[in-house]
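# A look at the structure
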Amino acid sequence: MNAYTRPDAIIDFCLAPLNLNADAAATQETRRRLEHVLRTYQLKLAQPVEVDFTRMPTLTINEAAHGYE
């Protein structure tokens, strides 16, 4: 099962494909912002948010339509 409830685990899973430099200021700021959003959302629900990545539909990106960037 790939269900995550901790904000840092959700963020780690989502950012892993980008292979970001963990020491870079931009990476740290991105993580800080994402963690703030997830924690705020969890507080509003008064329970942890569980994300199960095995249930997410596959997303196909059409690079030709977006300029291969």
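Higher on the page you've got the structure.
The following refers to the structure shown. (Residues numbered from 1 in each chain as written. Predicted model: local features only at pLDDT ≥ 70, side-chain atom pairs only at ≥ 80, totals over all residues. Heavy atoms only, no water.)

The final tally for this structure, using the stated rule, is five salt bridges. Between Arg6 and Asp8 there is a salt bridge; the shortest N-O distance is 3.2 Å. Residue Asp8 is classed as partly exposed on the basis of its relative accessible area of 29%. A salt bridge links Arg39 to Glu35; its shortest N-O distance comes to 2.8 Å. With Arg39 and Glu35 both in helix α2 (residues 25-45) and four residues apart, this pair spans about one turn of that helix. (Salt bridge = Lys/Arg side-chain N within 4 Å of Asp/Glu carboxyl O. Buried < 20%, exposed > 50% of the residue type's maximum accessible area, 1.4 Å probe, protein only. Helix = DSSP H or I, 4+ residues; strand = E, 2+ residues; numbered from the N terminus.)

The subject of this paragraph is the packing of helix α1 (residues 7-15) against α2. In contact at an axis separation of 9 Å, α1 and α2 are set at 135° when each is read in the N-to-C sense. Relative to α2, the element α1 lies oblique. The interaxial crossing formed by α1 with α2 has right-handed handedness. From α1, Pro7, Asp8, Ile10, Ile11, Asp12 and Leu15 reach across to α2, where they touch Arg31, Leu34, Glu35, Leu38, Arg39 and Gln42. (Axes fitted to C-alpha atoms, helices over the stretch in contact; angles between N-to-C directions. Parallel < 35°, antiparallel > 145°, perpendicular 65-115°, else oblique. Left-handed = near helix turned anticlockwise from the far one by under 90°. Contact = heavy atoms within 4.5 Å.)

Next up on the list: the side chain of Thr27. Here Thr27 shows up in helix α2. Overall, the relative accessible area of 9% leaves Thr27 in the buried class. Residue contacts for Thr27: discarding those within four places in its chain leaves Leu20, Asn21 and Ala22.

On to α1, then. When we look at burial in α1, the residues that qualify are Pro7, Ala9, Ile10, Ile11 and Leu15. On its buried face, α1 is in contact with β1 (3-4), α2 and β2 (51-52).

So, on to unusual backbone geometry. In the Ramachandran plot, Asn19 falls in the positive-phi region, its phi being about 50° despite a non-glycine side chain. Relative to the helices and strands, Asn19 resides in the loop between α1 and α2.

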